Amino acid sequence: MLTWPAMAVLFVFAIFPLLIMFVDSFKSDSGAAGIVFTNYARFFSKSTYLKLTGRTVFNSVLVTVISLLISYPLAYIMAKKLKGMKNIIMVLIIIPFFTNQLVRVYSWLIFLQDGGILQSILNSVGLVHGSLGILYTKAAVIIGLVHAFFPYMVITIYMALERMDNSLIEASTCLGASTFTTFRKVIFPISMPGVISGIMIVFVPCLGTFVEPRILGGVNGTVIGTVIEDQFFEIYGWNFGAAIAFILLAMVLLSMAAISKWGKRYEE
Amino acid sequence: MKKALSRIYVLLILLYLYVPILVLMLMGFNQSRYNSMPFKFSLQWYQALIKDTKLIMAARNSFLLAIVTGIICVILATFFILGHRFLSDKVKGLFDSVSMMPMSIPWLIMGLSLLLLIRAVNLDKSMFFVGAGHVVISLPYSLLVLKARMASMDQSLEEMSASLGATPFTTFRRVTLPAIAPAMVAGGFLSFMISFDNFPISYFLMPNGVSTLPIEIQSSIKFGFTPEINAVSTVIIGISLICLTVTGIIMGSSLKSMMGKGGK
């Protein structure tokens with residue numbers, strides 16, 4: 001009975017609104033009465049929206065892959081190489097993702113803008129001449145998103161590696177395996193649950209971002225999230241917006257289910 | 001050699017994480033209006049900040065909203081966690097997934113669905129719905145902290161207290177409450193922080209003319225920025241750091257284990 005207040009709040013302000021959104025997605029924005037499928041038909045028949053979906057998924061995949069490439073070595077170094085410093089480094093990795101999302105995006109905006117700090121540094125070293133031209137490109141969006149999400153992955157991989165029994169590595173090298181073979185056959189498979197959790201925790205929220213793409217990508221940053229936002233605040237096609245939001249929700253839930261199914265294979 | 005390489009790698013990652021934020025903080029002390037070089041130290045943007053009534057109102061709103069959200073989340077989460085033990089396994093599983101759901105659904109969707117709820121019940125945007133949205137998205141964080149504490153608590157203490165003749169209320173007041181109180185404070189701070197930093201929910205649901213600090217940052221990005229925003233950002237980072245430190249100190253190692261669980 002004590003659980004009811006929390007459940008009631010969640011039902012009224014989380015589940016019920018999603019149901020309303022689902023119902024609204026079958027309403028017409030032009031005022032036609034009754035249930036219509038035009039919103040979904042419009043989304044799936046126009047190549048712009050399909051391309052957009054593709055681009056959103058591609059962005060998330062790219063961010064996930066880059067995050068993995070950055071996070072794995074870092075997590076490995078923290079778990080196996082650094083002794084005393086690893087707690088400090090862990091804290092330093094955690095802090096930025098508790099700083100305000102907008103502050104973070106804004107800091108990249110200032111950092112990357114033409115005439116900003118990065119440009120003056122690169123100009124003075126002679127790497128780049130003149131303006132940088134990186135802000136308002138897809139690259140800027142990816143840089144911002146990786147920055148926002150990769151720390152989560154460092155933590156999940158670190159936890160998996162930390163739990164691992166070091167004698168397995170020793171056994172493998174004693175039996176004559178090269179460093180690379182040991183990594184491929186012993187270390188990496190054992191760390192797989194952490195890698196998969198990390199993929200989940202980066203890929204899924206990445207699908208629904210709209211702040212980073214909008215601010216850092218400008219017109220080049222259009223993704224599903226920004227299109228939904230525009231439907232609600234620029235075009236006032238709320239019901240069509242609800243339909244796109246529902247498609248996004250389906251993508252989020254499906255990818256979560258797929259990734260967790262993949263992860264189940266690695267549980268003992 | 002190898003050791004040096006790994007140190008350089010860690011250093012590079014930390015630079016990537018921190019340089020933009022540090023530059024931003026530094027620019028708050030720079031005289032230039034356009035965040036440009038050369039750097040000249042000045043406190044003028046902080047002085048301007050103190051006089052900027054719009055930003056002060058936004059800060060006040062952010063604080064009030066986050067405090068109310070934090071308190072409500074702790075109360076809801078505490079009740080939930082106390083009742084949670086008595087549920088059957090099936091109901092427990094269902095309630096667990098419902099309570100964690102707002103963590104995995106994009107805030108964009110949570111915010112817009114609440115906007116559609118407001119339209120469906122024919123009401124105007126109001127602080128009530130902003131607060132409700134903040135509570136829903138922050139609640140899982142309070143719950144996680146309390147759950148972690150509850151799981152590590154020795155439940156036989158409560159049984160002992162009951163068998164020694166204490167009423168359920170006395171047992172709660174003298175045994176359970178002292179044991180979970182640190183987690184309640186930590187969970188409250190965490191929810192405070194989530195709410196204080198939240199942009200999407202506030203942005204979608206805020207009544208016209210009312211704003212929070214994240215909304216002010218967004219509109220200053222949209223309509224041309226002022227260095228005051230650098231100063232505000234620095235203040236926001238400071239507040240988040242204080243919350244994080246308090247949560248970290250109170251929870252110690254349980255926070256670490258919580259983050260491990262959050263990843264699954």
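Residues numbered from 1 in each chain as written. Chains lettered and ligands numbered in written order. Predicted model: local features only at pLDDT ≥ 70, side-chain atom pairs only at ≥ 80, totals over all residues. Heavy atoms only, no water.

Draft legend 1. Looking closely at the overall build of chain A. Secondary structure summary: chain A contains 12 helices and 0 strands in total. Each helix and strand of chain A, placed in order from N terminus to C terminus, yields the pattern α-α-α-α-α-α-α-α-α-α-α-α. Expressed as lengths along the three principal axes of its C-alpha atoms, the size of chain A is roughly 75 × 60 × 40 Å. Counting the 268 residues in chain A, one finds 54% classified as buried. Within chain A, residue pairs in contact and separated by at least 24 positions form 69% of the contacts whose partners lie at least 6 positions apart. Total accessible area on chain A stands at roughly 12,000 Å², and carbon and sulfur atoms take up 70% of it. Here chain A holds 18 positive side-chain charges and 12 negative ones, and the gap between their average locations is 7 Å. (Helix = DSSP H or I, 4+ residues; strand = E, 2+ residues; numbered from the N terminus. Buried < 20%, exposed > 50% of the residue type's maximum accessible area, 1.4 Å probe, protein only. Contact = heavy atoms within 4.5 Å. Areas by Shrake-Rupley, 256 points an atom, 1.4 Å probe, with all protein chains shown as cover. Lys, Arg positive; Asp, Glu negative; His and termini not counted. Charge placed at Lys NZ, Arg CZ, Asp CG, Glu CD.)

Draft legend 2. Here's a closer look at the packing of aromatic side chains. This model, assessed by the stated rule, comprises 28 aromatic pairs over all chains. With 5.3 Å between their ring centres and 40 degrees between their planes, F232 of chain A and W238 of chain A make a pair best called tilted. Given the relative accessible area of 17%, W238 of chain A is considered buried. Ring geometry for F233 of chain A against F204 of chain B: centres 5.3 Å apart, planes inclined by 10 degrees, an arrangement best described as stacked. On the criterion of chain membership, the pair formed by F233 of chain A in helix α11 (residues 224-233) and F204 of chain B in helix α9 (residues 200-205) is interchain, its members lying in two chains. A network of ring pairs unites the aromatic residues F22, F26, F37, Y40 and F246 of chain A as a single cluster. Directly above the aromatic system of F240 of chain A lies the positively charged group of R42 of chain A, at a separation of 3.8 Å from the ring centroid. (Phe/Tyr/Trp six-rings, centres within 6.5 Å; stacked < 30°, edge-to-face > 60°. Lys NZ or Arg CZ within 6 Å of the ring centre and 35° of its normal.)

Draft legend 3. A look at the packing of helix α3 (residues 53-84) of chain B against helix α8 (residues 168-197) of chain B. Residues and elements named next belong to chain B. Contact geometry of α3 with α8 gives a least axis separation of 8 Å together with a crossing angle of 140 degrees. Accordingly, the angle class assigned to the pair α3 and α8 is oblique. Relative to α8, the crossing made by α3 is right-handed. Within the contact between the two elements, α3 uses S62, F63, L65, A66, I67, T69, G70, C73, V74, T78 and L82 and α8 uses F172, T176, I180, M184, G187, G188, S191, F192, S195 and F196. Here the contact of α3 with α8 is built from residues that sort into 12 nonpolar, 9 polar and no charged. (Axes fitted to C-alpha atoms, helices over the stretch in contact; angles between N-to-C directions. Parallel < 35°, antiparallel > 145°, perpendicular 65-115°, else oblique. Left-handed = near helix turned anticlockwise from the far one by under 90°. Nonpolar A, V, L, I, M, F, W, Y, C, P; charged D, E, K, R; others polar.)

Draft legend 4. Quick look at the pattern of salt bridges. Residue and element names in this part refer to chain A. Tallying each qualifying case throughout the model produces 8 salt bridges over all chains. Of the charged contacts in the structure, one is a salt bridge between K27 and D24, with a shortest N-O distance of 2.9 Å. What makes D24 buried here is its relative accessible area of 3%. For K86, the salt bridge identified is with E162, shortest N-O distance 3.6 Å. Taken together, the residues K86 in helix α4 (residues 86-94) and E162 in helix α7 (residues 138-163) connect sequence positions 76 residues apart. (Salt bridge = Lys/Arg side-chain N within 4 Å of Asp/Glu carboxyl O.)

Draft legend 5. A look at the interface of chain A and chain B. Across the contact, 74 residues belong to chain A and 78 residues belong to chain B. For chain A, the biggest contributors to the area lost against chain B are F13, F98 and Y106 of chain A; these three give 11% of the whole. Counting the contacts that link chain A with chain B gives 1 salt bridge. The residue R119 of chain B makes a salt bridge to D24 of chain A at a minimum N-O spacing of 3.3 Å. Taken together, chain A and chain B are joined by 10 residue pairs in polar contact (both at pLDDT 80 or more). Per element, the largest residue contribution to the side of chain A that touches chain B is 15 residues, and it comes from helix α1 (residues 4-24) of chain A. Its residues placed into classes, the side of chain A that touches chain B shows 56 nonpolar, 14 polar and 4 charged. (Buried area = accessible area lost by both parts, 1.4 Å probe. Polar contact = N/O pair within 3.5 Å; in protein donor to acceptor, adjacent residues only side chain to side chain.)

Draft legend 6. Region of the structure containing the nonpolar core. Among the nonpolar cores identified, the biggest contains 176 residues, and F150 and I228 of chain A are the most heavily contacted of them. Residue contributions to this core peak at 15 residues, all from α7 of chain A. In contact with F150 of chain A, not counting residues within four places along its chain, are S67, I70, S71 and L74 of chain A together with I13, Y16 and L17 of chain B. (Core = buried A, V, L, I, M, F, W, Y, C linked by side-chain atoms within 4.5 Å.)

Draft legend 7. Geometry of the side chain of H147 of chain A. Here H147 of chain A is to be found in helix α7. Residue class for H147 of chain A comes out buried when judged on its relative accessible area of 2%. There is a polar contact of 2.9 Å between the side chain of H147 of chain A and the backbone oxygen of L17 of chain B. Apart from the residues within four sequence positions on either side, H147 of chain A is in contact with R104 and W108 of chain A together with Y16, L17 and I21 of chain B.

Draft legend 8. A look at unusual backbone geometry. Phi at Y136 of chain A is positive, roughly 65 degrees, even though this residue is not glycine. Checked against the element boundaries, Y136 of chain A lands in the loop between α6 (117-125) and α7. At N122 of chain B, a residue that is not glycine, the phi angle is positive and equals roughly 65 degrees. Assignment of secondary structure puts N122 of chain B in the loop between α5 (107-120) and α6 (127-152). Assessed through its relative accessible area of 70%, N122 of chain B is described here as exposed.

Draft legend 9. Region of the structure containing the packing of α6 of chain B against α8 of chain B. Residues and elements named next belong to chain B. Where α6 meets α8, the closest approach of the two axes is 8 Å, and the angle between their N-to-C directions is 150 degrees. Put simply, α6 runs roughly antiparallel to α8. With respect to the hand of their crossing, α6 and α8 are arranged in right-handed fashion. On α8, the residues touching H134, I137, S138, Y141, S142, V145, L146, R149 and M150 of α6 are T176, A179, I180, A183, M184, A186, G187, G188, L190, S191, I194 and S195. Residue classes in the contact of α6 with α8 are distributed as 12 nonpolar, 8 polar and 1 charged.

Draft legend 10. The arrangement of the environment of G70 of chain B in detail. Residue and element names in this part refer to chain B. Relative to the elements of secondary structure, G70 occurs in helix α3. Each C-alpha atom of the pair G70 and F196 lies 9.6 Å from the other, and the pair is 126 residues apart in sequence. Setting aside chain neighbours within four positions, we find G70 in contact with G188, S191 and F192.

Draft legend 11. Quick look at a positive patch on the surface. Among the surface-exposed residues, K81 and K83 of chain A together with K2, K3 and R7 of chain B lie close enough to one another that they form a single positively charged patch. Since its relative accessible area comes to 44%, R7 of chain B is described here as partly exposed. (Patch = residues over 30% accessible without salt bridge, like charges linked within 9 Å, V, L, I, M, F, W, Y side chains within 5 Å.)

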